[in-house]
Amino acid sequence: MTLEQFTRNEGQVARRYEYDDGAVLVVDFGTGVADASVDLVDGTVIVIVDDEQYEFELPEGASDAHTFIKNGVLTVELEGDL
């Protein structure tokens, strides 16, 4: 699933910010998130929020990615030729 499909299906608010050397993806899961974690496995971002699991694929051309989640906001920093 792509980020666009994920946010459309799940109703999350998401933004993509483009830069010369990469991009940043931001998804807001809301302030009511009590327990959240994120992992990156083979080009797939896996997010666990409370008891729900969400997955979406990184864009093609992403050579490196860094993920973190804080206060219900997921941030994925991408490097590469997107």
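Structure first, text after, so check above.
Scoring rules and cut-offs
- Residues numbered from 1 in each chain as written.
- Predicted model: local features only at pLDDT ≥ 70, side-chain atom pairs only at ≥ 80, totals over all residues.
- Heavy atoms only, no water.
- Helix = DSSP H or I, 4+ residues; strand = E, 2+ residues; numbered from the N terminus.
- Buried < 20%, exposed > 50% of the residue type's maximum accessible area, 1.4 Å probe, protein only.
- Contact = heavy atoms within 4.5 Å.
- Areas by Shrake-Rupley, 256 points an atom, 1.4 Å probe, with all protein chains shown as cover.
- Pairing = 2+ DSSP bridges.
- Axes fitted to C-alpha atoms, helices over the stretch in contact; angles between N-to-C directions.
- Polar contact = N/O pair within 3.5 Å; in protein donor to acceptor, adjacent residues only side chain to side chain.
- Salt bridge = Lys/Arg side-chain N within 4 Å of Asp/Glu carboxyl O.

S.K.: Describe the overall build of the protein, listing the residues and the values that go with them.
M.R.: Assigned secondary structure in the protein consists of one helix and seven strands. The N-to-C order of helical and strand elements in the protein reads α-β-β-β-β-β-β-β. Within the protein, the proportion of its 82 residues that are buried is 32%. The long-range fraction of contacts in the protein, counting pairs at least 24 apart against all pairs at least 6 apart in sequence, stands at 38%. Split by element, the accessible area of the protein, about 5,200 Å² in all, is 42% carbon and sulfur.

S.K.: Any details on the sheet that holds strand β2 (residues 22-28)? Residues and values, ideally.
M.R.: Pairing in this open sheet of four strands is antiparallel, and the strands run β1-β2-β7-β6 from one edge to the other. Strand pairing shows two members of the sheet lacking a second neighbour, β1 (13-19) and β6 (62-70), which therefore form its edges. Direction aside, neighbouring strands of the sheet carry axes that sit 15° apart on average. One ladder, built from seven bridges, connects β1 with β2; its direction is antiparallel.

S.K.: Which residues make up the environment of Arg-16, and what values do they have?
M.R.: Tracing the backbone through its elements, the reader meets Arg-16 in strand β1. When its relative accessible area of 34% is taken as the criterion, Arg-16 is described as partly exposed. The sequence separation of Arg-16 and Thr-75 amounts to 59 residues, and the corresponding C-alpha distance is 9.9 Å. Look past the residues within four positions of Arg-16 in its chain and what remains in contact with it is Ala-23, Val-24, Leu-25, Pro-59 and Leu-82. In this structure the side chain of Arg-16 is engaged in a polar contact, spanning 2.3 Å, whose partner is the side chain of Glu-18.

S.K.: Now, about the pattern of salt bridges: what can you tell me, with residues and values included?
M.R.: By the definition in use, this model includes one salt bridge. In this structure, Glu-18 and Arg-16 form a salt bridge, with 2.3 Å as the shortest nitrogen-oxygen distance. With a relative accessible area of 48%, Glu-18 lands in the partly exposed category.

S.K.: Explain the sheet that holds strand β4 (residues 44-49) to me, using residue names and the numbers behind them.
M.R.: Strand order in the open sheet formed by three strands is β3-β4-β5, and the pairing between neighbours is antiparallel. Lying at the two open borders of the sheet, with one neighbouring strand each, are β3 (36-41) and β5 (52-57). Put simply, the sheet's adjacent strands are angled 15° from each other on average, direction ignored. Direction of pairing for β3 relative to β4: antiparallel, over a ladder of six bridges. Each residue of the ladder has a partner; that of Val-38, found in β4, is Val-47.

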